[in-house]
Amino acid sequence: LYHTLSDDNSITVRSDRDVFADVSSIDHFKADGNAVIHLYEDYGPVDSSLFLQAHGFVPDENPHHCAIVPKSLLLPNEKSGDSSHQKNARHLFQALKTLKLVYPGAEVFDGIEDVCVKQNLEITEDGSTVGRKRASDSIAIATLLLDDNAVALETEGDSFPSWSVLKQYCINAINSGDVESIEIRCARYPGSDKLVRGVLRKAARALIREDDSGIEMVIDSGNDSKMDQLRSQLLEAREHGKEQLAIALQFRIEERKILVSVANSREIPHDDNRLDESTMHLRSNETELDESILEFKAFVETFGLPVNKIEPKVVGNGIRIGAFATEFLNVGDAYISLPPTAVIGVDTALAHASKTSPDLEFLLRQYSKQQRDGFNVLLLFLLHERFVLGKKSVWWPYLNLLPKVSDLRDFHPLFFSEQEIDKYLAGSDVRKYIYRYQQGASERHKAIASDIFAAQVLGGDVLFDKNKFYWACAILDGRSIWWEGERHIVPLLDLVNADGNGKVHETYLEALDSDPSQKVAVTRASRAVNPGEQVFENYAQPNYVLFTHHGFILEDNPDDCALLEGLFVHRNDPGAADVHRLRSLLRSTTPTFCIRAEESVLQLGHFLRAKYALPTNGTDGEVRQHMSNVLTERIARLTETLDIIASDDSTMARHQFMRRIVQRDLMHFQYALHHFVQGPQNDTTKG
């Protein structure tokens, strides 16, 4: 059930699920013979302890229930007189304080906090922020620094550096005081996720042994005498009307289920592409692509495009499909022009919805009032056309040609796991750039999925499915083409792949020669192309943007640079004392830099002058050391990452791309340091 407020301020109670009047749903019959069906309300993702405390009952099989694991079981026992343990405990406390995983003002280490673990080994205290798992990070740091035996049990067979090497990287990071290094070397090191799960299994087994009190319990056999005893006591309590005792026993049973499940869990090989059954079929293969291309070409013919000198073909080599010239194209030649009916924009989506679904049209109009760029309108329209209408959609020949869910999981960072990103992008600011992108998509999904009317129009199997929702986000982010300040999805034109040559891609509205009152979207060739050759466009974006939103990088990318973020003006910085001067010098106190050529290094120098209250007309030496510190810090992080993943033999394209981003970042920072900061061309008084 859920509640809605009507225009007259009255409250309407609605059902959040289908309720069928069959035998299985009947609770009892009234005296007049009418059946009574029990209705239920979903209270949301809350632990059973809240139901017990606030409502006086314990639900069966609550997927959000968790079992408390005390902090004493999350830390290895200290050996009496072990000075190295005490030293590492001090390192642990410093790391936790630096990462704000304990109260920053704490002066004495009192251990890490208790955690509440779910049946799937998720920790409630980790929350839902991408790239931020407070409890898991705390356990990972403690295990690395204090437990020398953990790695032998949990990372056997993995191509990680030795435990002692990982620990030393962490200690070096703590001594450096570099917050980013402490996070990636102490909390997010390779295999840290497996270590945390191992700690939880060990703790669950300890709690079970403690609870058994002499009753035989063989964890691996499934023979749980204690559980049998609790269930027997529950039945007896109910039979004798002892409701309070029954509730307490029910709570213990639910907690016991979780602990046994956690204790019995096994580490399985991590598959970053694993899909649920509902989306397993959503993968392309070359035979399907060939068939889809034929259908799509016939579809394009129906638009009667005024100009069309390209056609789709399978490219292979992981690129899927490209656009190929059907005749010679000279620089500046229009190779495609599209009328409004041949593109998917906000107006097109509304027009189609008005013909197919009044409810969809109403939904889209509501969202069209909320955003100027039309992202959510097009997202909802894509979800409806692809997953609700499917083959019945007039856009099906185009939608069927797009990368499918599993295709995107192969290469699009929106679907990557945190462990994968942490491993291959540690030390690069692209790591958190991708995290913010994932977090934005997650928050968008939560917001739209909470719209009851959207769920009614699309169906819960579509709207609540993150795979499908993220598919639509990735399609829009990677394939949108802009003109006149508006976003569009453009069949055929969006098949043109990228390189770094020629003029920057642009699409304009132009009047038709045959009818000047009609405007079409026109794209012109940026370089000469022979018949049968693939047409490319220059996106003019650095590799970190191409990778995050499109899933690829360009080896020879003239627009590539190293993303540099994380700098800010702290309230204790000398420059913060004069707010008026700071505002006059800086557009932002948390800037982003794209380190590539001298101009970007000058911009960094300008920010550091403002941050440290250095005169803008001062000598180069006054700011050079600050610039050197910033660049050297990042060079050290990236060098360590390349050393750590040197033994990794993954041939997956996405792993190779991330490795290449780290290598290129290192190259850009080293070049900037040696040529513009330490070298002869180090005049940073400009800009």
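Residues numbered from 1 in each chain as written. Predicted model: local features only at pLDDT ≥ 70, side-chain atom pairs only at ≥ 80, totals over all residues. Heavy atoms only, no water.

1. Thoughts on the pairing of strand E3 (residues 26–29)
Two faces, one strand: in a regular strand the side chains alternate between the faces of the sheet. Summarising the sheet, E3 and strand E4 (residues 35–37) pair through three bridges and their orientation is antiparallel. Across the sheet, the residue bridging to histidine 28 is valine 36, located in E4. (Pairing = 2+ DSSP bridges. Helix = DSSP H or I, 4+ residues; strand = E, 2+ residues; numbered from the N terminus.)

2. Details of the packing of helix H2 (residues 83–98) against helix H5 (residues 163–176)
The contact between H2 and H5 brings their axes to 10 Å, and the two run at 60°. Regarding the angle of H2 to H5, the classification is oblique. Like other packed secondary-structure pairs, H2 and H5 cross with a definite hand, here left-handed. Across from Asn88, His91, Gln94 and Ala95 in H2, the residues of H5 making contact are Lys167, Ile171, Ile174 and Asn175. (Axes fitted to C-alpha atoms, helices over the stretch in contact; angles between N-to-C directions. Parallel < 35°, antiparallel > 145°, perpendicular 65-115°, else oblique. Left-handed = near helix turned anticlockwise from the far one by under 90°. Contact = heavy atoms within 4.5 Å.)

3. Structural notes on the side chain of aspartate 137
Residue position: aspartate 137 is located in helix H3 (residues 134–146). Once residues within four sequence positions are removed from consideration, aspartate 137 is found in contact with Leu101, Ala187 and Arg188.

4. Thoughts on the sheet that holds strand E9 (residues 307–308)
One open sheet holds the four strands; their spatial order is E9-E12-E17-E16, and the pairing between them is antiparallel. Because the sheet does not close on itself, it has two edges, and the strands there are E9 and strand E16 (507–511). For E9 and strand E12 (residues 334–338), the ladder comprises two bridges, and the chain directions are antiparallel. The partner of asparagine 308 across the bridge, within E12, is isoleucine 336.

5. Some remarks on the side chain of serine 48
Mapping serine 48 onto the fold places it in helix H1 (residues 48–55). Serine 48 has contacts with Val58, Pro59, Asn62, His65 and Phe251, leaving out every residue within four places of it along the chain.

6. Points about the pattern of salt bridges
Scanning the entire structure with this criterion turns up 38 salt bridges. For lysine 257, the salt bridge identified is with glutamate 61, shortest N-O distance 2.8 Å. With lysine 257 in helix H9 (residues 243–264) and glutamate 61 in the loop between H1 and strand E5 (67–69), this pair connects stretches of sequence that are 196 residues apart. Classification of glutamate 61 by relative accessible area gives exposed; the value is 53%. Across the salt bridge formed by lysine 133 and glutamate 418, the nearest N and O atoms sit 2.8 Å from each other. With lysine 133 in the loop between strand E6 (115–117) and H3 and glutamate 418 in helix H16 (residues 418–425), this residue pair connects regions lying 285 residues apart in the sequence. Judged by relative accessible area, glutamate 418 falls into the buried class, the value being 11%. (Salt bridge = Lys/Arg side-chain N within 4 Å of Asp/Glu carboxyl O. Buried < 20%, exposed > 50% of the residue type's maximum accessible area, 1.4 Å probe, protein only.)

7. A closer look at the state of the cysteines
Here the structure, examined in full by the defined rule, presents three disulfides. Taken in sequence order, the bonded cysteines of the protein link in the pattern 1-2, 3-4, 5-6. (Disulfide = S-S within 2.5 Å.)

8. Observations regarding the packing of H2 against H3
It is the contact of H2 with H3, at a shortest axis distance of 9 Å, that shows an interaxial angle of 155°. By the angle between their axes, H2 is roughly antiparallel relative to H3. When the axes of H2 and H3 are compared, the crossing they make is right-handed. Of H3, the residues touching H2 (which contributes His85, Asn88, Ala89, His91, Leu92, Ala95 and Leu96) are Ser138, Ile141, Ala142, Leu145 and Leu146. Along the lines of polarity and charge, the residues of the contact of H2 with H3 split into eight nonpolar, four polar and no charged. (Nonpolar A, V, L, I, M, F, W, Y, C, P; charged D, E, K, R; others polar.)

9. Some words on the nonpolar core
Counting residues in hydrophobic clusters, the biggest one holds 74 residues, and the most contacted among them are Tyr335, Leu364, Leu379 and Trp471. Sorting elements by how many residues they give to this core places helix H13 (residues 375–389) first, with nine residues. The contact partners of tryptophan 471, leaving out residues within four places of it in the chain, are Leu382, Arg386, Phe387, Leu402, Pro403, Lys404, Val405, Leu408 and Phe415. (Core = buried A, V, L, I, M, F, W, Y, C linked by side-chain atoms within 4.5 Å.)

10. Considerations on the environment of threonine 98
By the secondary structure assignment, threonine 98 is in helix H2. The partly exposed category is assigned to threonine 98, whose relative accessible area is 22%. For the pair formed by threonine 98 and glutamate 180, sequence separation is 82 residues and the distance between their alpha carbons is 9.9 Å. The contacts of threonine 98, once residues within four sequence positions are left out, are Val179 and Ile182.

11. Details of the packing of aromatic side chains
In total, this model carries 16 aromatic pairs according to the counting rule given. A ring pair is formed by phenylalanine 416 and phenylalanine 547, whose centres lie 6.0 Å apart and whose planes are at 55°; its orientation type is tilted. Pair noted here: phenylalanine 416 is in the loop between helix H15 (405–411) and H16 and phenylalanine 547 is in helix H21 (residues 543–550), with a separation of 131 residues, a long-range link. Of the two residues examined, phenylalanine 416 and phenylalanine 547, each falls in the buried class. These aromatic residues form a ring-pair network of at least three members: Phe296, Phe299, Phe303, Trp395 and Tyr398. Over the ring of phenylalanine 568 we find lysine 611, and its NZ or CZ is 5.5 Å from the ring centre. Its guanidinium or amino end placed over the ring of phenylalanine 416, arginine 654 lies 5.3 Å from that ring's centre, counting from NZ or CZ. (Phe/Tyr/Trp six-rings, centres within 6.5 Å; stacked < 30°, edge-to-face > 60°. Lys NZ or Arg CZ within 6 Å of the ring centre and 35° of its normal.)

12. Focus on unusual backbone geometry
At lysine 100, a residue that is not glycine, the phi angle is positive and equals roughly 60°. Mapped onto the fold, lysine 100 is located in the loop between H2 and E6. On the accessibility criterion, lysine 100 (56% relative accessible area) is exposed. A positive phi angle is found at glutamate 484, which is not glycine, with a value near 55°. Structurally, glutamate 484 can be placed in the loop between strand E13 (480–483) and strand E14 (486–489).

That's the geometry; what it means functionally is another story.
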